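One letter stands for each residue in the lines below.
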Amino acid sequence: MNILRYAIIGTGMMGQEHLKNLALVRDIHDLPLSVVALIDPDEGMRQSALELARSLGNTEVQAYSQLSELSSDDVDAFIIVSPNFTHHAIITELLPLGKAILTEKPLCTKLSDCDDLQQQLEGYPAPFWVAMEYRYMPPTARFLERLASGEIGTLRMLSIREQRYPFLEKVGDWNRFSENTGGTLVEKCCHHFDLMRLMTGAEPVRVFASGGMDVNHLDESYEGRTPDIIDNALVIVDFDNGARGALELCMFADGAEPQEQLTAIGDKGKLDAYIPGPDRFWPDAGERHSRVVFSPRDQSQPQIDVIAVDPQLAAAGDHHGSTFYQHLRFAKAVLQGAAVEVTVSDGAKAVRMGAAAQESIRTGQVVEL
Ligand SMILES: NC(=O)c1ccc[n+]([C@@H]2O[C@H](COP(=O)([O-])OP(=O)(O)OC[C@H]3O[C@@H](n4cnc5c(N)ncnc54)[C@H](O)[C@@H]3O)[C@@H](O)[C@H]2O)c1
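Residues numbered from 1 in each chain as written. Predicted model: local features only at pLDDT ≥ 70, side-chain atom pairs only at ≥ 80, totals over all residues. Heavy atoms only, no water.

Asks: What should I look at first to understand the side chain of E17 in this one?
Replies: By secondary structure assignment, the location of E17 is in helix α1 (residues 13–29). Despite its burial, E17 remains without a salt bridge, the nearest opposite charge being carried by R280 at 6.8 Å. Setting aside residues up to four positions removed in sequence, E17 forms contacts with A316, G317, D318, H319 and T323. (Helix = DSSP H or I, 4+ residues; strand = E, 2+ residues; numbered from the N terminus. Buried < 20%, exposed > 50% of the residue type's maximum accessible area, 1.4 Å probe, protein only. Lys, Arg positive; Asp, Glu negative; His and termini not counted. Salt bridge = Lys/Arg side-chain N within 4 Å of Asp/Glu carboxyl O. Contact = heavy atoms within 4.5 Å.)

Structure representation (structure tokens):
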């Protein structure tokens, strides 16, 4: 392959973040990449993405309103960035082509669709990667590295807290209804459940959750329907190695700093990460860096790592450069045969944990996995 040719399916907010980060991967790592196709039924998003793609040096790029208008011979890798409820059908349409695919999270909105894709992907001849960008945020990556060093001993308790602004407005308001997203704990928190599996090195065995839509969206109406997406939740997860996980999500805490906090406690020490929200929501705040702090049990000084993100990576999205690092690895999987790091099974397991938490909220019962 002389040049890796991408098609981006869905060119809204996140599709345009992918476009910017692919250009950075091409320029910073001198990799032979080009975006040749943009597919989006929304004319406004299609045109703005086309202008952006051309301004980023994708000289061959064309825009289409539907996937069926595109000749697949012209594409080597598909990036799926359309709304959650479209992922299963689009992946199913693409699989017979046998090309590389990176799909945005969540893999699907329904467990049956996740199971179906796992079956369809058995023996798939090209990389299939689920976009779990949070793994690649520099503070999260450092947290994972320090966990792997063993300095906290055996991890016993893991908590993840996200306190942030409400869901943003999306094209056609698709994210206001659980049938489109899979529910907040699938849509947003699949990232956190994926991190929990990675950090504990274990699989979940039971989930209990409490949550609701208590503050946001109550006065919104879409063709007479009120949104049904929860805006706060507490989730407890037991893992098969005895570790306990807890997630706190609050989406009416716009002023919170940091936005995310990760805490892992083992028998020898405690590790925290403090991660600020996207710079664009804090335009006057000056430099805002993440910190990873190791606090040994012997009460010697905590060790503080300040994690600065290259400003051009930070400016290319809302995720601390993680989309850049993910694309670099995905491109290496396609061009050089490097391993796929986030498999269809990882994507499905994160959805399963989120769906179990949604089910626990609905029934008030513990859900065994
Ligand atoms: N990994 C992350 O951190 C992260 C962050 C934001 C969004 N996302 C994911 O990215 C996806 C898109 O989210 P967004 O925020 O960009 O939403 P968005 O509404 O801004 O953009 C979605 C775009 O997809 C288009 N679209 C709808 N149906 C389509 C179809 N069948 N084919 C092609 N395009 C279609 C819409 O017209 C729209 O332009 C979602 O799955 C979301 O969960 C991931």
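Now that the structure has been shown, we can carry on.
Asks: When you look at helix α3 (residues 87–94) in this model, what are you seeing that I'm missing?
Replies: Residues separated by three or four positions in an α-helix point in the same direction, a consequence of the helix having 3.6 residues per turn. Along α3, the residues that are buried comprise H87, H88, I90, I91 and L94. When α3 is viewed along its axis, its buried side chains cluster within an angular range of 165° and face the same direction. Residues of α3 that are buried in the fold lie against β1 (4–9), β4 (77–80), β5 (100–104), α4 (111–120) and β6 (128–131). (Arc of directions from axis to C-beta.)

Asks: I'm lost on α1 in this one. Help?
Replies: The first and last C-alpha atoms of α1 sit 24 Å apart over 17 residues, in line with the 24 Å expected at 1.5 Å per residue. Most of α1 sits out of view: 12 of its 17 residues are buried. Burial in α1 covers these residues: M14, G15, Q16, E17, H18, L19, N21, L22, A23, L24, V25 and R26. Just downstream of α1, D30 is the residue with a positive phi angle, here 55°. (Expected span 1.5 Å × (residues − 1).)

Asks: How do you make sense of the site of the ligand when you look at a structure like this?
Replies: Around the ligand sit 25 residues, and of these M14, D40, N84, E133 and K170 come closest. At 2.3 Å from a nitrogen atom of the ligand is found a side-chain nitrogen or oxygen belonging to E133. Between the ligand and the protein, one listed contact pairs an oxygen atom with a side-chain N or O atom of E187 at 3.3 Å. The protein chains hide 89% of the 840 Å² of surface that the ligand would expose on its own. Elements represented by at least two residues in the shell around the ligand include exactly α1 and α3. Residue classes in the shell around the ligand are distributed as 11 nonpolar, seven polar and seven charged. The two domains that each donate at least three residues to the shell around the ligand are domain 1 (4–134) and domain 2 (135–316 + 344–368). (Near = heavy atom within 4 Å. Polar contact = N/O pair within 3.5 Å; in protein donor to acceptor, adjacent residues only side chain to side chain. Areas by Shrake-Rupley, 256 points an atom, 1.4 Å probe, with all protein chains shown as cover. Nonpolar A, V, L, I, M, F, W, Y, C, P; charged D, E, K, R; others polar. Domains from an automatic or database assignment.)

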